[in-house]
Amino acid sequence: MSLALRPTFGQQIDLTWRRSIPVALAILLLFLGILPWNGRTLGPVSANLVLIPIYYWTLHRPRLMSVWSVAALGLISDLLGVTQLGVGMLTMLIGYRVAVSQRKVFAGAPFIVVWAGFLLMSGVAGIVQWFLVSVLQKTIVDPRPALLFYMIGGVFYPLVAYVFALIQKRSLVRVA
Amino acid sequence: MKQRVGSVSIAVAARHWTQRFAFVLLVTFAFGVMLVGKADTVVISRARTLLIDLIAPVMDAASRPIASARDAADQVQELISLKEENARLAHENQTLLEWQTVGRELQSQNASLRDLLRFTPDPRATYVTAPVIADTSSSYVRSLIVLAGESDGVVKGQAAITGVGLVGRVLEVGKRASRVLLLTDISARVPVIIERTRDQAVLAGNNSDNPELRYLPRDVDIKAGDRIVTSGIGGNFPAGLPVGEVVGVTNGRILVQLYAQLDRMEYLRLVNYSLPGILMEDLGVDTSKSGSTPSPVAGRLPGAE
């Protein structure tokens, strides 16, 4: 009887790939953000776009977006040169920590509250990033571009979250 | 039953503490990476170039449909503004014909003056034309990744130019791809000269679209529209490369509009002027070898002789 309940090799592969969907989507967004769109619209916002999957999956599938995955995403972003070395990693970790600490408040709340939660999380991450860059550059860097990109990230959130919700319903219903 | 509940709560607590420990560990690691990155070690540089090389084929393939869509949009836009474009080109042609006459006069004058001075021509410049495959710019960093690397003869420190002017310099070189730091990046510094007044300055990026001029003399006579070109000091870039023009003074800062449109770059030319600059010498790069391996897209700069 117990043998019948043991997942087959195929099922294990299927489960592994389903479990990797949240991190894979975050990497996909990171690379989409650095494609040469030849505009100042999407390219500079890439680092902020990665905060969306970190926040969304921390709220809805916390086991599939671990602190290790978040650190790895930050390191990839840093090595690609999107953020200064170490800054992206630390920013994403702080954002993740904010999302984890507020998970009980935002998970299951109305969408508008969840959206406000993302704005709070990316806002904290943005302030941390601005502070770190200012320290590394030994000058107070202009925060206005970051403010613009923060707002663009906020505008993108509903669209990206909607796509994630569809993927969650389709592929991650029984995956914890 | 009680024992089972107890073991489950211990497991939950253990998991909670492990996660908290991992968070603290990773934050410490991030600070460590930041410090190492500030020192700009070879290991970090290698890790970066390795990742750039790894993603280069994927980014190249992914960026092609975007380039096609952009070309199609440009063509439609050109068709719409055909009449105005024609009038503009006719006017430009007239101006160029006038300049041609001036140029011919100067050419003959220059030839005789060179003869008098026994002028040694500039070192032979070679270039590699590379497509832009990724825009890694963000709020605090301005850089691009191009599909040309060590195997194409690209060397760290080379100038990255478009048809109209300087856009930055090569920061990291992988086997197949390289990262170019744009002039607008907050850490970019280029020695320049104001063409009209011959005053020297440093063009410093500030993460905005308009880098600023620093270290100018106090009594400098500068006007909007003044051309800014490289001064050649430091030996990384030759003197006279067009950079941009002064757009005005804001809050005591002299801002420059670059000639190159940084948001519309499909290809860049990475130029090796064979100058033994500070950057290359510091890195122990043998500049005599750089650019000696011609790539399929490598060629001579027109008029470099």
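Everything quoted here is computed from the prediction, not taken from an experiment.

Chemist: Outline the overall build of chain A, listing residues and values.
Modeler: In terms of helices and strands, chain A carries 9 helices and 0 strands. Relative to its full complement of 176 residues, chain A shows a buried share of 46%. Considering only residue pairs separated by 6 or more positions, chain A has 66% of its internal contacts joining residues 24 or more positions apart.

Chemist: Explain the interface of chain A and chain B to me, and be specific about the residues and the numbers.
Modeler: Contacts between the two partners involve 35 residues from chain A, matched on the other side by 37 residues from chain B. Elements supplying a minimum of two residues to the side of chain A that touches chain B: α4 (46–60), α5 (67–80), α6 (87–101), α8 (111–137) and α9 (144–171) of chain A. Of the residues belonging to the side of chain A that touches chain B, the class tally is 23 nonpolar, 9 polar and 3 charged.

Chemist: Can you explain the sheet that holds strand β9 (residues 227–230) of chain B? Please cite residues and give values.
Modeler: All names here are of chain B. Strand order in the closed barrel formed by 6 strands is β6-β7-β8-β11-β10-β9, with antiparallel pairing between adjacent strands. Direction aside, neighbouring strands of the sheet carry axes that sit 45 degrees apart on average. Relative to strand β10 (residues 242–250), β9 runs antiparallel, the two sharing 3 bridges. The partner of R227 across the bridge, within β10, is E245.

Chemist: Summarise the packing of α6(A) against α8(A); cite the residues concerned and give the values.
Modeler: Residues and elements named next belong to chain A. Close contact between α6 and α8 brings their axes to 9 Å; oriented N to C, the two are set at 150 degrees. Judged by the inter-axis angle, α6 sits roughly antiparallel to α8. By crossing handedness, the relation of α6 to α8 is classed as right-handed. Contacts between α6 and α8 involve V87, L90, T91, I94, G95, V98 and A99 on the former and, on the latter, L120, M121, S122, V124, A125, V128, Q129, L132 and V133. Taken together, the residues that form the contact of α6 with α8 break down as 12 nonpolar, 4 polar and no charged.

Chemist: Could you give an account of helix α3 (residues 21–33) of chain A, with specific residues and numbers?
Modeler: Here α3(A) contains 13 residues, and its C-alpha end-to-end distance of 18 Å stays within 8% of the 18 Å for a straight helix at 1.5 Å per residue. Listing the buried residues of α3(A) in full gives A:I21, A:P22, A:V23, A:L25, A:A26, A:L29, A:L30 and A:G33.

Quick notes on the rules
- Residues numbered from 1 in each chain as written.
- Chains lettered and ligands numbered in written order.
- Predicted model: local features only at pLDDT ≥ 70, side-chain atom pairs only at ≥ 80, totals over all residues.
- Helix = DSSP H or I, 4+ residues; strand = E, 2+ residues; numbered from the N terminus.
- Buried ≥ 20, exposed ≤ 12 C-beta atoms within 10 Å, placed from the backbone.
- Contact = placed C-beta atoms within 7 Å.
- Nonpolar A, V, L, I, M, F, W, Y, C, P; charged D, E, K, R; others polar.
- Pairing = 2+ DSSP bridges.
- Axes fitted to C-alpha atoms, helices over the stretch in contact; angles between N-to-C directions.
- Parallel < 35°, antiparallel > 145°, perpendicular 65-115°, else oblique.
- Left-handed = near helix turned anticlockwise from the far one by under 90°.
- Expected span 1.5 Å × (residues − 1).

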